[in-house]
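This is what each chain is made of:
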Amino acid sequence: MSKIKAGIIGVGSCAKSLVEGVQYYNENPEDKIGLMYEDIGGYSVHDIEFVIGFDIDKRKVNKKLAKALRAQPNCAMDHVDKITTTSNSSAVNKDAMVYSAPEMDGIAPHMHDYPDEVTFVNGAVPAESFERSVELLQYHDVDVLINYLPVGSEEASKYWIDVALEAGIHFVNCIPTLISTEDAMTTEQRFIDAGLTIVGSDMRSAWGASRMSEVLQGAMLDSGLMVTQHIQMNMAAGSTQGQEHIRTGRTANTDFLNMAKQYRLHNKHVSKENVLKGQNSVRGESTAGMTLFAGPSLTVQQKPGGDYISSDNKIANFDMVAYGFAGARYEMSARLSVQDSPNSGGVVVSAIRFCKVASEMGIVGYLRGPSAWTQKTPPLQLKTQDAKFECDALARRVLTDITTPQLKENRPKAKNLPHTFQDAKNDYEN
Ligand SMILES: NC(=O)c1ccc[n+]([C@@H]2O[C@H](COP(=O)([O-])OP(=O)(O)OC[C@H]3O[C@@H](n4cnc5c(N)ncnc54)[C@H](O)[C@@H]3O)[C@@H](O)[C@H]2O)c1
């Protein structure tokens, strides 16, 4: 079986974890912990190779991909001693480079207020043209393009979807763009017409705040409870886990710094709440009157000034209220502290392989099972067990009621495929 070649848009902390993670499993083939799927249609994690990247940061552009992944301000933990390109366990192709991308709306103005070591530094060489980017991706035989741009990169995400469609490449949209049903349908039709697959949008981590909220919400509803409050607060503060030698300073990764401004995180907020609402809607349960909030922290703002420590540690606090048997009240709170970037690596190494396998089976458009399993705002929200069922079937190359209509030969139309209605706004907006 030939390698699945992957390209990366936004060579940040998540990209670092993803690539180093693949090398880690290549170096430690007996270790399967952290992999949601060992085998997807005959492809293992060892079959993924990273061949190209695009970024805007001076410290990454025109550098070897292996070098750029370790450049500042990336702060995900190191999974391997060195990112190699020429050993049998390398995950990065020896010729893989990072090319210059158009900035568009990738960098929020407030990011320039932070010290260079913790923020993006733009001003690299002029961006490659659209046509040249298509050529580069085709030259490197890229199968799957991964969108790891900062939250709020609406325009830039659309640009890279156009590039992927032109180049004939599958797409994994790890960020909260194109989240409304209308956008999802239009995008899906374009991938169907091009005979390609897409997984999206807004990845969820293997065991992160979204997965926890989804499982808790779903399990409470399945236990006959009525959930009246579900608050999920996320913050990048309070811990220098992994950097205990540094004791003071504000801690955050660029993902959190970028979302320090409300306008920048709007779609992230909506997408996170889609996870909660989705579990109600798949069960035909209303969320009317429920206090529902899931978003980056409103209390811990990463303000400019002072000392900063790049840290990939994230803390999520959950607070839930429910009512059950004969009106009995339940209260539950929980706290999750995780390394943010590696937590998403396990889902992306699956999404990449699902795209490849589905396309080999003749499936086109949004992969509904893998999107529900690996993303916060899939086109179709599913119960946890149904999303897993769909992924398991695809991993065995078995068609289901959901994937059969998406076979190319059935000439699927996006508007006739199943969707969960999703607005592009949260409950607090009109
Ligand atoms: N567990 C997780 O960490 C997690 C979960 C869900 C979603 N996400 C999302 O995934 C995305 C990537 O996360 P991350 O932690 O790697 O972010 P990051 O800030 O570390 O990396 C973003 C990268 O994009 C680059 N960039 C900025 N503008 C660009 C442009 N116009 N073109 C090309 N590159 C550009 C930056 O230089 C940087 O290298 C974010 O949107 C994040 O919200 C992350």
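Quick note: structure is the one above.
Residues numbered from 1 in each chain as written. Predicted model: local features only at pLDDT ≥ 70, side-chain atom pairs only at ≥ 80, totals over all residues. Heavy atoms only, no water.

**As for the site of the ligand**
Asp 55, Lys 60, Leu 149, Thr 254 and Asp 255 are the nearest of the 31 residues found near the ligand. The contact in question runs from an oxygen atom of the ligand to an N or O atom on the backbone of Ser 13, over 2.9 Å. Taking Glu 103, its main chain carries an N or O atom lying 2.9 Å from a nitrogen atom of the ligand. When the ligand is considered free in solution it has 850 Å² of accessible area, and contact with the protein chains removes 99% of it. Those elements that place two or more of their residues in the shell around the ligand are α1 (13–27), β2 (48–55), α7 (254–258) and α9 (340–360). When residues of the shell around the ligand are assigned to their parent elements, the largest contribution, three residues, is made by α9. Its residues assigned to classes, the shell around the ligand comprises 14 nonpolar, eight polar and nine charged. (Near = heavy atom within 4 Å. Polar contact = N/O pair within 3.5 Å; in protein donor to acceptor, adjacent residues only side chain to side chain. Areas by Shrake-Rupley, 256 points an atom, 1.4 Å probe, with all protein chains shown as cover. Helix = DSSP H or I, 4+ residues; strand = E, 2+ residues; numbered from the N terminus. Nonpolar A, V, L, I, M, F, W, Y, C, P; charged D, E, K, R; others polar.)

**Observations regarding the sheet that holds strand β11 (residues 313–323)**
The mixed open sheet is built from four strands, whose spatial order is β9-β7-β11-β12. If you trace the sheet from one side to the other, it starts and ends with β9 (291–296) and β12 (329–339), each paired once. Between one strand axis and the next, the sheet turns through 15 degrees on average, direction left out of account. The strands touched by helix α8 (residues 266–281) are β7 (226–235), β9 and β11; relative to β9, the strand with the most contacts, the crossing angle is about 135 degrees. (Pairing = 2+ DSSP bridges. Axes fitted to C-alpha atoms, helices over the stretch in contact; angles between N-to-C directions. Contact = heavy atoms within 4.5 Å.)

**Considerations on the sheet that holds strand β6 (residues 197–200)**
If you trace the seven strands from one edge of the open sheet to the other, you get β3-β2-β1-β4-β5-β6-β13, paired in parallel fashion. Where the open sheet ends on each side, the last strands, each with one partner, are β3 (92–100) and β13 (365–366). Where strand β1 (residues 4–9) lies against β2, six bridges are found, and the strand directions are parallel. Bridge pairing links Ile 9 to Phe 54 in β2.

Nothing here speaks to function; it is all geometry.
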